Amino acid sequence: MDGNAKIFVAGHRGMVGSAIVRRLEASGYHNLVLRDRSELDLADQAAVFEFMTSERPDYVFLAAAKVGGIQANNTARGEFIYQNLIIEANVIHGAYQAGVDRLLFLGSSCIYPRDCPQPIKEEYLLTGPLEQTNEPYAIAKIAGIKLCENYNRQFGTGYVSVMPTNLYGPNDNYDLAGSHVLPALIRKAHEAKLRGAHEIVVWGSGSPMREFLFVDDMADACVFVMESDLRDGLFNVGTGRDITIRELAETVMEVVGFQGAIAFDRSKPDGTPRKLLDVSRMTDRGWTAKTGLKEGIGKAYADFLSRHGTTSA
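Residues numbered from 1 in each chain as written. Predicted model: local features only at pLDDT ≥ 70, side-chain atom pairs only at ≥ 80, totals over all residues. Heavy atoms only, no water.

Visitor: Explain the overall build of the chain residue by residue, including any values.
Guide: Check the secondary structure of the chain and you find ten helices and 13 strands. What you see for the chain is a C-alpha radius of gyration of 19 Å, in line with the 20 Å of a compact globule of 313 residues. Projected onto its principal axes, the C-alpha coordinates of the chain cover approximately 60 × 40 × 40 Å. Considering only contacts within the chain whose residues lie at least 6 apart along the sequence, 82% involve residues at least 24 apart. (Helix = DSSP H or I, 4+ residues; strand = E, 2+ residues; numbered from the N terminus. Rg over C-alpha atoms; globule rule 2.2 N^0.38 Å. Contact = heavy atoms within 4.5 Å.)

Visitor: Would you mind going over the pattern of salt bridges in detail, with residue names and values included?
Guide: For the structure on display, the rule yields 22 salt bridges. The partner of Arg231 in a salt bridge is Asp101, with the nearest N and O atoms 2.7 Å apart. Of the two residues, Arg231 is situated in the loop between helix H7 (215–227) and strand E10 (234–237) and Asp101 in the loop between helix H4 (77–97) and strand E4 (102–106); the sequence distance between them amounts to 130 residues. Assessed through its relative accessible area of 30%, Arg231 is described here as partly exposed. Since its relative accessible area comes to 33%, Asp101 is described here as partly exposed. We note a salt bridge from Arg187 to Glu191, for which the minimum N-O separation is 2.9 Å. Separated by four residues within a single helix, Arg187 and Glu191 lie in helix H6 (residues 181–195), roughly one turn from each other. Given the relative accessible area of 16%, Arg187 is considered buried. Owing to a relative accessible area of 11%, Glu191 belongs among the buried residues under this scheme. A network of salt bridges, in which partner residues are shared, links Asp101, Arg102, Asp229 and Arg231. (Salt bridge = Lys/Arg side-chain N within 4 Å of Asp/Glu carboxyl O. Buried < 20%, exposed > 50% of the residue type's maximum accessible area, 1.4 Å probe, protein only.)

Visitor: Can you tell me about the packing of helix H1 (residues 15–26) against H7, naming the residues and giving the values?
Guide: Two elements in contact, H1 and H7, have axes separated by 8 Å at closest approach and are oriented at 60°. Relative to H7, the element H1 lies oblique. In the crossing of H1 with H7, the sense of the turn from one axis to the other is right-handed. Between H1 and H7, the residues in contact are Met15, Val16, Ala19, Ile20, Arg22, Arg23 and Leu24 and Val215, Asp216, Ala219, Asp220, Cys222, Val223 and Glu227, respectively. Taken together, the residues of the contact of H1 with H7 sort by class into nine nonpolar, no polar and five charged. (Axes fitted to C-alpha atoms, helices over the stretch in contact; angles between N-to-C directions. Parallel < 35°, antiparallel > 145°, perpendicular 65-115°, else oblique. Left-handed = near helix turned anticlockwise from the far one by under 90°. Nonpolar A, V, L, I, M, F, W, Y, C, P; charged D, E, K, R; others polar.)

Visitor: An account of the sheet that holds strand E2 (residues 32–33) is needed here, citing residue identities and associated values.
Guide: Spatial ordering of the open sheet is given by E2-E1-E3-E4-E5-E10, a layout of six strands whose pairing is parallel. Only two strands of the sheet have a single partner each, and these edge strands are E2 and E10. One ladder, built from four bridges, connects strand E5 (residues 158–164) with E10; its direction is parallel. For Met163, the partnering residue across the bridge sits in E10 and is Asn236. Against the sheet, H7 contacts strand E3 (59–62), E4, E5 and E10, and its axis sits at roughly 150° relative to E4. (Pairing = 2+ DSSP bridges.)

Visitor: I'd like a description of the sheet that holds strand E8 (residues 209–210), backed by residues and values.
Guide: A sheet is described by the order of its strands in space; here three strands give the open sequence E11-E8-E13, paired in mixed fashion. Across the chains shown, the open sheet's two edge strands, defined by having one partner strand only, are strand E11 (243–244) and strand E13 (274–275).

Visitor: Outline the environment of Leu182, supporting the account with residue identities and numerical values.
Guide: Within the secondary structure, Leu182 sits in helix H6. Leu182 gets classed as buried once you look at its relative accessible area, which sits at 2%. Residues Leu182 and Gly298 lie 116 residues apart in sequence; the distance between their C-alpha atoms is 12 Å. If we skip the residues at most four places from it in the chain, Leu182 touches Tyr168, Phe212, Leu248, Leu293 and Ile297.

Visitor: I'd like a description of the state of the cysteines, backed by residues and values.
Guide: One pass over the full model with this rule turns up zero disulfides. Of the cysteine sulfurs around Cys110, a residue in no disulfide, the closest is that of Cys116, at 12 Å. According to the relative accessible area criterion, Cys110 is buried, its value standing at 5%. Residue Cys116 is classed as buried on the basis of its relative accessible area, which comes to 8%. (Disulfide = S-S within 2.5 Å.)

Visitor: So what's going on with the side chain of Arg210? Residues and values would help.
Guide: Here Arg210 is to be found in strand E8. Lacking a salt bridge, the buried Arg210 has Glu131 as its closest oppositely charged neighbour, with an N-O distance of 6.8 Å. With residues near it in sequence (within four places) discarded, Arg210 still touches Asn166, Asp242, Ile243, Ile245, Asp270, Gly271, Thr272, Pro273, Arg274 and Lys275. (Lys, Arg positive; Asp, Glu negative; His and termini not counted.)

Visitor: An account of the environment of Val162 is requested, with residue identities and associated values reported.
Guide: For Val162, the position within the fold is in strand E5. Through-space distance from the C-alpha of Val162 to that of Arg22 is 19 Å; in sequence the pair is 140 residues apart. When near neighbours in sequence (up to four residues on either side) are disregarded, Val162 contacts Leu104, Phe105, Leu106, Gly107, Met218, Cys222, Val225, Phe235 and Val237.

Visitor: Break down the nonpolar core for me, citing the residues and quoting the values.
Guide: Core analysis: the largest hydrophobic core is formed by 42 residues, its most contacted members being Phe8, Leu42, Met52, Leu103 and Tyr112. In terms of residue count, helix H5 (residues 135–155) provides more of this core than any other element does, six residues in total. Every residue in contact with Leu103, bar those within four places of it in the chain, is listed here: Val60, Val91, Ile92, Ala95, Cys148, Gly158, Tyr159, Val160 and Met226. Residues Val16, Tyr29, Val160 and Ala219 belong to the second largest nonpolar core, which totals 34 residues. (Core = buried A, V, L, I, M, F, W, Y, C linked by side-chain atoms within 4.5 Å.)

Shown next as structure tokens:
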């Protein structure tokens, strides 16, 4: 990318968007176009189209989305499908109308069938039923992928999609009602340590296996894709390694310094049994994740402490 290129990062205040901004600025890209929700509501079609036409960015990173953990996805199903559909449709079509040639769309690994073979290859998309707890979110993300794919086919644009595995790191959401498993475990372990509790409660059986990627590595992958001029297709982004939820909880407890026990609440859903991405399309092009899980959890915990202090979050 040209160092003077105008770059719009949609969702720059979120965990992924803020990491992309950090990565761009570190690489010398300073002509960044950033708007928070009070300045630009991405669900407002007219406002988005006007913004794109007036700003005419050279590159767009579409990191804006309504996201949440298993409980949020399963209870706010209508909100998750509607808000994500409208945001991505507005930004992608608005970019096309404004003549934006290069756009990167961030999807999610939940787009893949619940019981597809492991590790998950990009071509497994739409080969089987989705996990029901997050189906609305997955459907919306699949629609975004197909928007990019078919705009490329019809209009010759260079819109590419990346599918991150489970992300964590600075600016994560630690609200237990809506967070993903890793930040929820950080908060639970921290608060249990402060209370002098003897255990933390973890949803499900602890047996599902998950892959986790530090968000700054994800941002690095996004910039890598743009700088490599990958103009079409779907690319999984992850570490290529997974662990059980039990092992994750034990690692978080070690980093946080909580020495109690784990109680599994088996009345809560496990979700997909396993979700490990095949990341060979990225590694074959020269990109790999750099941050180990324990190191990344340490950085995430430091971020949690900086934002919430030493008291209960």
